[in-house]
Structure formats: structure tokens, C-alpha cells
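Structural features, examined
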Amino acid sequence: MKYTIDQFGYYGEFGGAWIPEMMYANISELLTRYLEIMESPGFSQEFDSLLKDYVGRPSPLYYASRLSERYGSHLYLKREDLNHTGSHKLNNTIGQILLAQRLGKTRIIAETGAGQHGLATATVCALKGLQCVVYMGATDIARQEPNVRKMRMLGAEVVPVNSGNKTLKDATNEAMRDWINHPEDTHYIIGSVVGPHPYPDMVARFQSVISAEIRKQLLEKTGSELPTRLIACVGGGSNAAGTFYHFLEEEQVELIGVEAAGRGVDSGETAATLAVGSPGVLHAARTMLMQNSDGQITEPYSISAGLDYPGIGPLHAHLFKTGRAKYLNATDRETLEAAHLLTRLEGIIPALESAHALAALDKIPMKPDEVNVVCLSGRGDKDMAAYLEYFGY
Ligand SMILES: *Cc1c(COP(=O)(O)O)cnc(C)c1O
């Protein structure tokens, strides 16, 4: 298994658990129990049943005929936008809340930037009646009012973080500090395939339902489980990891991740980690990250708050390094145009994050008989202000 972790949580040279000693108790409990719990029959039964009746899975694999015509190749959309709460993020938070219950935890913490992961976490805490604390930078709280209100309505305590830039990185530091202080009763739900081992592996496994469904659905629709290529946007990399997961060993399937170029990879205002980054340690994992020559993290920028992260999951750093996956990027402008195109051709308003994957279609040479699957990670309701500002609808 070339693309899965070794016993220390490494994908090649990336990953691991670069944790402070104070976090050892938290991580070691999770590490010794996560696989045993996830592989127990009761667990998968409850997970599968919630994915079906609560999230609304399987999400459809939709043949986008007008988009296909436009690009001269077969295009399918994996409709994660149709999940409850509007994105793929709930697949992971459902999995982690079931795990937390089996670990005997009664209190859940999370960090959030745009609020989407905070919302998915607050949702499953309401579902299970567990206490929920969401750390969020004060700047982000001001920018993401609707999500903050939803989280509060769901019963979560949203704690403003006033250190640093008052954004995601600072909220993450605060959540880690909380976890260290409450190792007994608290589980920390991380929202992407980032952070220390075993989080990247655990989150990838929960999201792998996406590629398991794609294989089945493609077989029904095309007669083959294997597409020509898979395309997904990459922030931390969880929807892409879920989309790639069951195809990693199928070397003939092309894997394409799309990062946020922001105002351009050379503009200094970007979040395209693999285009401009270098190896280092971020949030307790060795991975690729955006840093200056002194090793200070550089502030990421993207119009899409969900892709605005200065690192990338270690799985993707490894797929990049080995060449198994290719990583493209799309600017804010290209992304907005791609969102407009999908809306007008298919009647689907995508999340800005997902529109990055669509923008990459212009940069990929495609032949008429090829089968392309794009992960449509989320819906665009939350991004209407950005669309209005650009297009003035
Ligand atoms: C959060 C988010 C992303 C980015 O996260 P990944 O871990 O890279 O998948 C992408 N799309 C949507 C809709 C999101 O909410």
C-alpha cells in the first residue's frame, strides 16, 4: 500500500505526530483506539445508517450533459453539495462524534475559519447531545455572521480568539491548548486531513465514502468502475482525499487536485501551497507549507475561506512528491467565472471552493471518450455575497 501511512503515521517523508509532550496523553489514546473502534461492527452500522438517513447519502453522481458538451468530454459531478449542511464536511464530523462517544467523551471542541467545519461540528453535537465549544478568530466571527448564528442556534458556544491575526491559525492554537487542558472528557474534531497522526488517516477514511460510492455509481453508469481522471479542490485536502482514496492504487486513473491561487501564485496573495511552499512542520505534522526564508508561516489568501490554509495534508504532499497526483491551481477570477458557467449550464450554484475544481477544467486537455469526475464539495449559498459583488446580479 504505497500511498497509505506506515506505522508511525508517515506518507513517505510527510506526516507523523510532531506534538508537544503535553499533548501525548490525548493523541496516544486516539492512536491506540481509532482503528479498533472504526472497524467494530456496531460502529460501521451506525455510521452507515446516519450517512444514509441523516446526511442523505449516497450523494448522486450526476452526468452534466451541457457542461460535457462545452468541454467536449464526459463530465460527472459528485454531488457532495446535496449533503445535509451543504458540503462533504459532515461525513467526517459524523464519524468523529461516533468515535468520541465510544471513547467516553462528553465534550467536543473544534476550530473553524469560515465556519463550515464549526457548523458541521455543532450539528453532530446537537444530534448526539454533547457539549460543543468552537474556537473562531474574532476577525472570522465578524466576517461569517450567518454561520456563527447557526452554530449558536445549534447550541454551540462560539469562543472568539483575539490572538495573532485572529483567524484560523490562531483558533487552531487555542483549540489545541484547550485539548491539552481537558484530556479526560474532551475530543477535538479536526476538520480536514491535517494535524498530527492519526487525524489525516482517520479523516481520509471517513471521507473515503465519496470514492467508494463513485466506483459503484460509475460501474452502473459507464460499465467501468474506473474513470479517466478525478478532479477535486484542495484546502487541507479532505474532499480530495475522499475522492481519490479508493483509486490511489489504480495507477491508470489520473488524480488532479486544485489549489487556490488567489490573485495569482506569484502575487504574494495566494493559498497555492504546493506551487509556492516548501517542507516544514505545521499543526504537528511534517508537510508542505507556505513559509518565508526564516520559516515563518506566510499569511494565505483566497477569495474562498475554505481554501485559505497555509499548509496541506501530508497525504497530498506525498502524492505531489511522488507524482501520483498532479496539482493545478485557479485564481479568484477564474473561479468566479467557473461558478457562473456551472450555474448557467446546469442550474447548480457551487461553493467557491468547489468552483476551483471546475475552473481547472480549462487547463486539462480532455478527449471526447474520456470520463472525468469532479467532486462538487459544497453548495454556494454561503458565497452569495462574493458572487453578488463580482457579477452584480
Ligand atoms: C472546507 C471546504 C473545502 C476545503 O476543505 P478540504 O479539506 O480541502 O476538502 C472544500 N469545499 C467546501 C465546500 C468546504 O466547505
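Refer to the structure above for everything that follows.
Below is a summary of the structure that appears in this document. Everything numeric in this text was worked out from a predicted model, so none of it was measured.

**So, the sheet that holds strand 6 (residues 131–137)**
Spatial strand order, 7-6-5-8: four strands in an open sheet with parallel pairing. In this open sheet, the two edge strands, each paired with only one partner strand, are strand 7 (157–161) and strand 8 (186–188). When the angles between neighbouring strand axes are averaged without regard to direction, this sheet yields 25 degrees. Pairing of strand 6 with strand 7, which is carried by five bridges, proceeds in the parallel orientation. Bridge assignment links Val133 to a residue of strand 7, and that residue is Glu157.

**Here's the deal with the site of the ligand**
Lys89, Ser192, Gly235, Ser238 and Ser377 are the nearest of the 18 residues found near the ligand. Measuring from an oxygen atom of the ligand, one finds a side-chain N or O atom of His88 at 3.0 Å. The contact in question runs from an oxygen atom of the ligand to an N or O atom on the backbone of Gly236, over 3.2 Å. With the chains in place, 97% of the 380 Å² that the ligand exposes on its own is no longer accessible.

**Some details on the packing of aromatic side chains**
Using the criterion set out here, one finds ten aromatic pairs in the structure. Plain terms: the ring middles of Phe43 and Phe206 are 6.1 Å apart, the flat faces sit at 25 degrees to each other, and that makes the pair stacked. Pair noted here: Phe43 is in helix 2 (residues 41–55) and Phe206 is in helix 9 (residues 199–207), with a separation of 163 residues, a long-range link. Here Phe43 and Phe206 have matching classes, each one buried. An aromatic cluster is built from Phe43, Phe47 and Phe206, whose rings are joined through pairwise contacts.

**A few points about the pattern of salt bridges**
Counted by the stated rule, this structure contains 28 salt bridges. In this structure, Glu80 engages Arg57 in a salt bridge whose closest nitrogen and oxygen atoms are separated by 2.7 Å. With a gap of 23 residues between them, Glu80 in the loop between strand 4 (74–79) and helix 4 (89–102) and Arg57 in the loop between helix 2 and strand 3 (61–63) connect regions that are remote in the sequence. Considered together, Glu80 and Arg57 belong to a single accessibility category, that of buried residues. Notably, a salt bridge pairs Lys78 with Glu213, separated by 2.7 Å at the nearest N-O pair. Taken together, the positions of Lys78 in strand 4 and Glu213 in helix 10 (residues 209–222) put the pair 135 residues apart, joining distant regions of the chain. Through salt bridges with shared partners, a single network forms among Arg57, Lys78, Glu80 and Glu213.

**Side note on the environment of Gly115**
When you line up the elements, Gly115 lands in the loop between strand 5 (107–112) and helix 5 (116–128). The spacing of Gly115 and Arg333 is 218 residues in sequence and 23 Å in space, taken between C-alpha atoms. Each residue touching Gly115, except ones within four places of it in the same chain, is listed here: Met136, Asn147 and Met151.

**A few points about the packing of helix 1 (residues 24–38) against helix 9**
Here helix 1 crosses helix 9 at 25 degrees, and the two axes come no closer than 11 Å. With respect to each other, helix 1 and helix 9 are oriented roughly parallel. Like other packed secondary-structure pairs, helix 1 and helix 9 cross with a definite hand, here left-handed. Facing Ile27, Leu30, Tyr34, Leu35 and Met38 of helix 1, the residues of helix 9 in contact are Tyr199, Asp201, Met202, Arg205 and Phe206. When grouped by side-chain class, the residues that make up the contact of helix 1 with helix 9 number eight nonpolar, no polar and two charged.

Conventions used here
Residues numbered from 1 in each chain as written. Predicted model: local features only at pLDDT ≥ 70, side-chain atom pairs only at ≥ 80, totals over all residues. Heavy atoms only, no water. Pairing = 2+ DSSP bridges. Helix = DSSP H or I, 4+ residues; strand = E, 2+ residues; numbered from the N terminus. Axes fitted to C-alpha atoms, helices over the stretch in contact; angles between N-to-C directions. Near = heavy atom within 4 Å. Polar contact = N/O pair within 3.5 Å; in protein donor to acceptor, adjacent residues only side chain to side chain. Areas by Shrake-Rupley, 256 points an atom, 1.4 Å probe, with all protein chains shown as cover. Phe/Tyr/Trp six-rings, centres within 6.5 Å; stacked < 30°, edge-to-face > 60°. Buried < 20%, exposed > 50% of the residue type's maximum accessible area, 1.4 Å probe, protein only. Salt bridge = Lys/Arg side-chain N within 4 Å of Asp/Glu carboxyl O. Contact = heavy atoms within 4.5 Å. Parallel < 35°, antiparallel > 145°, perpendicular 65-115°, else oblique. Left-handed = near helix turned anticlockwise from the far one by under 90°. Nonpolar A, V, L, I, M, F, W, Y, C, P; charged D, E, K, R; others polar.

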